[in-house]
Amino acid sequence: MKKIALTPKNIVLSVFVAAEIIIYVIFNILAAVHPDDPVYVKYAGVILCLVVSAVMIWFYRDRDAVVLTCAFFFTVVSDMFLLVLDDLLEIGVATFIIVQFVYLYRLYADRLKKIWITLVARAVVFVVVISLLAGLATVNLLIAEVTIYIVMLVANCVDAFLLSKRGIKNILFAVGLVLLLCCDICIGLYQGGMIGIDLPAKTANTIQSLIWIFYMPSQVLITLTVNRGGICGKVTEDEREIQKTA
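Note that the coordinates shown come from a computational prediction; the quantities given were computed from them, not determined experimentally.

Draft legend 1. Up close: the overall build of the protein chain. Within the protein chain, the regular secondary structure consists of nine helices and zero strands. For the protein chain, the succession of helices and strands along the chain, N to C, is α-α-α-α-α-α-α-α-α. The buried share of the protein chain, taken over its 246 residues, is 42%. When contacts within the protein chain are restricted to residue pairs at least 6 apart in sequence, long-range pairs at least 24 apart make up 70% of them. For the protein chain, the exposed surface amounts to about 13,200 Å²; the carbon and sulfur share of it is 73%.

Draft legend 2. Up close: the packing of aromatic side chains. In the structure shown here, the tally under the stated rule is seven aromatic pairs. Ring centres of Phe 73 and Phe 74 lie 5.3 Å apart, and the angle between their planes is 75°; on these two criteria the pair is classed as edge-to-face. Phe 73 sits in the partly exposed class, given a relative accessible area of 44%. Between the aromatic rings of Phe 96 and Tyr 149, the centroid separation amounts to 5.9 Å while the plane-to-plane angle is 45°, which identifies the pairing as tilted. Residue Phe 96 is found in helix 4 (residues 89-108), and its partner Tyr 149 is found in helix 6 (residues 141-162); the two are separated by 53 residues along the sequence.

Draft legend 3. Representation of a nonpolar patch on the surface. A cluster of nonpolar side chains, contributed by Ile 21, Ile 22, Val 25, Ile 26, Ile 29, Leu 30 and Val 33, occupies part of the molecular surface with about 620 Å² of accessible area. Note that Ile 29 resides in helix 1 (residues 8-33).

Draft legend 4. Just helix 2 (residues 39-60), in detail. Under the 1.5 Å per step criterion, the end-to-end length of helix 2 is 32 Å for 22 residues, consistent within 8% with the ideal 32 Å. All buried positions along helix 2 are accounted for by Val 39, Lys 42, Tyr 43, Gly 45, Val 46, Cys 49, Leu 50, Val 52, Ser 53, Met 56 and Tyr 60. Phi for Arg 61, located one or two positions after helix 2, is positive at around 50°.

Draft legend 5. Layout of the nonpolar core. Of all hydrophobic cores here, the largest spans 55 residues; its most connected members are Tyr 103, Phe 173, Leu 177 and Trp 212. Where this core is concerned, the elements lending two or more residues are helix 1, helix 2, helix 3 (63-85), helix 4, helix 6, helix 7 (168-190) and helix 8 (201-223). Ranked by residue count, the leading element in this core is helix 4, at nine residues. Not counting the four nearest positions on each side in its chain, Leu 177 is found in contact with Tyr 103, Leu 153, Asn 156, Cys 157, Ala 160 and Ile 222.

Scoring rules and cut-offs
- Residues numbered from 1 in each chain as written.
- Predicted model: local features only at pLDDT ≥ 70, side-chain atom pairs only at ≥ 80, totals over all residues.
- Heavy atoms only, no water.
- Helix = DSSP H or I, 4+ residues; strand = E, 2+ residues; numbered from the N terminus.
- Buried < 20%, exposed > 50% of the residue type's maximum accessible area, 1.4 Å probe, protein only.
- Contact = heavy atoms within 4.5 Å.
- Areas by Shrake-Rupley, 256 points an atom, 1.4 Å probe, with all protein chains shown as cover.
- Phe/Tyr/Trp six-rings, centres within 6.5 Å; stacked < 30°, edge-to-face > 60°.
- Patch = residues over 30% accessible without salt bridge, like charges linked within 9 Å, V, L, I, M, F, W, Y side chains within 5 Å.
- Salt bridge = Lys/Arg side-chain N within 4 Å of Asp/Glu carboxyl O.
- Expected span 1.5 Å × (residues − 1).
- Core = buried A, V, L, I, M, F, W, Y, C linked by side-chain atoms within 4.5 Å.

See the structure below:
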């Protein structure tokens, strides 16, 4: 296998990965030695994903880089409410729903005529799930939003894996979404008291530590999937470049 060319784009991505690893190590060390959650360090890692995806617009000059930047913009907004402010949760979840719709568009950008099939299927699943939840407890706005978000995320994971055979960046995108789903499952378990799930303190602490073990790598992997020509087409220019180096 040939070495990856040291182009400015690859250098930026390499520095990005190194910086995210450093941020990841720092906030884990701080979490271990300091009683306060290092939210601003964690948030810096998310902002860096937005910055790098925006820089990729200049390198790629392509729709996919713009779409990915939009997704990270709303991710940063969501984490502002859910992580930094820990308030106005409905707004934070609503903007995360927008992120999943952006990812849905990314998955179907070159086959928009088929997007209605998956939208109808997702709507049906949402109605079924929310009906079941309504039979068990009172459904408020936040529960409805979380249900929409989870349905969208799970469906995006499925669609992403169906496209994973198209190239390495499709695989990275699918894995990134699955890691994000694992993160959200951990959040649901950690916040289980809200729905009657009481976990032992040690179990809850372990689950809390897993949240960012899943979340930060998911965002880094998704950032690395920016692709000239998108990820839902046939063989893109980026994939041909990768194949030439193999």
